[in-house]
Amino acid sequence: MRILIQTELLKLRSTRWPMILAVIAVVATGLLALQPVLKAGRAAPSIGTTGALLGVLDAMSRGALVGLAIGVLVVTSEFRHSTITASLLQVPERARLVTAKAAAAVLVGLALGVACFAIVLLLGAFSGALQPELLNSDIVLRATGHILTFPVYALLGVGIGALLHVNQPLAVVLPVIWLAGLEGLVLAVLPQPFRTWSITGATAGLQNAGTVAMVLPVWLGAVALVAYGLILLGAGGLRVLRADVS
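Given the structure is predicted, the values throughout are model-derived calculations rather than measurements.

**Focus: the environment of T49**
When you line up the elements, T49 lands in the loop between α2 (16–38) and α3 (50–57). Along the backbone, T49 and L134 are 85 residues apart, and their C-alpha atoms lie at a distance of 7.4 Å.

Structure below.
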């Protein structure tokens, strides 16, 4: 399995779009982290307050969607470019191939999350928004949750990509739009428990978002998100198992 994962990581490094998306995520995180710094004291909390620190830290939130998109591309690119046949000749067991792709996507997602965190950490330190006396367990949990959202979203992406492997554009655009805001609009008319246990709600729990109503505990948000990812991966894996790649 280790060799399979290394092979999938090599495919990602040699593929243009995942690398481009990763660079976009890091740059966008930096630009978003600058906003609360530039607006501090006017349209945003002043530097030296917890609000300013959270504003810089929360710049990571959109980057996780890039992790999801990369997870989708890990699977759909093989089908779009008709390289899946060659991959299956090397690894006839489709379940092992999908598992290797999921593991590679999770590792890339984690690396991307760490890279984005490093950006906000540097900007926070240089701007003064990150000050030692502001750090507490809640801030640490929030930062950790932001980082871990990236690999979990990448896992979600692999599952969605496997389910929708015949249509790469739809597989990329649909979940990104859904999580970027459409889910909230759709669930707004439903009782609060539906929103609490949604993907966005579970994400808020993992990220220790104390401003969200009825937010899940951090551990339960993590369990819920991973469970959603494994369910999608299992369903997508079954679809790949039955796919005609001749």
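**Observations concerning the environment of T203**
Tracing the sequence through the fold places T203 in helix α10 (residues 199–206). The exposure class assigned to T203 is buried, which follows from its relative accessible area of 7%. When the C-alpha positions of T203 and I24 are compared, they lie 22 Å apart, and in sequence the two are 179 residues distant. Excluding residues within four positions of it along the chain, T203 makes contact with T149, Y153 and L225. Here the side chain of T203 touches Y153 through a polar contact of 2.7 Å, side chain to side chain. From its side chain, T203 meets the backbone oxygen of I199 in a polar contact 2.7 Å long.

**Looking at the packing of α3 against helix α7 (residues 137–163)**
If you want to describe how two helices pack, look at the angle between their axes and the distance between the axes. At a closest axis distance of 11 Å, the pairing of α3 and α7 adopts a crossing angle of 10 degrees. Relative to α7, the element α3 lies roughly parallel. Where α3 approaches α7, its residues T50, L53, L54 and L57 are matched on the opposing element by I139, R142, A143 and H146. Here the residues of the contact of α3 with α7 sort into 5 nonpolar, 2 polar and 1 charged.

**Comments concerning the side chain of S77**
Relative to the elements of secondary structure, S77 occurs in helix α4 (residues 63–80). For S77, a relative accessible area of 17% gives the class buried. Separated by 3.3 Å, the side chains of S77 and Q168 make a polar contact. Contact partners of S77, with chain neighbours within four places excluded, come to T83 and Q168.

**With respect to the pattern of salt bridges**
Considering all chains together, one arrives at 5 salt bridges under this definition. E8 is the partner of K11 in a salt bridge, and the nearest nitrogen-oxygen pair spans 3.2 Å. Of this pair, K11 and E8 are both found in helix α1 (residues 2–13), 3 residues apart, which corresponds to roughly one turn of the helix. With a relative accessible area of 26%, K11 lands in the partly exposed category. Accessibility expressed as a relative area gives 4% for E8, which makes it buried. A salt bridge links E78 to K11; the nearest nitrogen and oxygen atoms lie 2.7 Å apart. Of this pair, E78 sits in helix α4 while K11 sits in helix α1, and the two are 67 residues apart along the sequence. For E78, a relative accessible area of 4% corresponds to the buried category.

Conventions and cut-offs
- As a convention, each chain's residues are numbered from 1 in the sequence order in which they are written.
- Note on the predicted model: pLDDT of at least 70 is required for a residue's local features to be given, and 80 or more for side-chain atom pairs to be given and counted; whole-chain, interface and lining totals, by contrast, use all residues.
- Just so you know, side-chain values use all the structure's heavy atoms and leave hydrogens and water out.
- Numbering of helices and strands runs from the N terminus, with a helix taken as a DSSP run of H or I at least four residues long and a strand as a DSSP run of E at least two residues long.
- The classification of residues rests on relative accessible area computed with a 1.4 Å probe and restricted to protein chains. Under 20% of the type maximum is buried, over 50% is exposed, and intermediate values are partly exposed.
- For this analysis, residues touch if any pair of their heavy atoms sits within 4.5 Å.
- Pairing of N or O atoms within 3.5 Å defines a polar contact, subject to two protein rules: one partner must be a possible hydrogen donor and the other a possible acceptor, and residues neighboring in sequence count only if both atoms are side-chain atoms.
- In this analysis, axes come from line fits to C-alpha atoms, helices being fitted only over the stretch in contact, and the angle between any two N-to-C directions falls in the range 0 to 180 degrees.
- Note on angle classes: values under 35 degrees are labelled roughly parallel, values over 145 roughly antiparallel, values of 65 to 115 roughly perpendicular, and the remainder oblique.
- Note that Gly is not counted as nonpolar here; it falls among the polar residues with everything else outside the nonpolar set of Ala, Val, Leu, Ile, Met, Phe, Trp, Tyr, Cys and Pro and the charged set of Asp, Glu, Lys and Arg.
- We count a salt bridge whenever a side-chain nitrogen from Lys or Arg sits within 4 Å of a carboxyl oxygen from Asp or Glu.

Just geometry here; none of it tells us what the structure is for.
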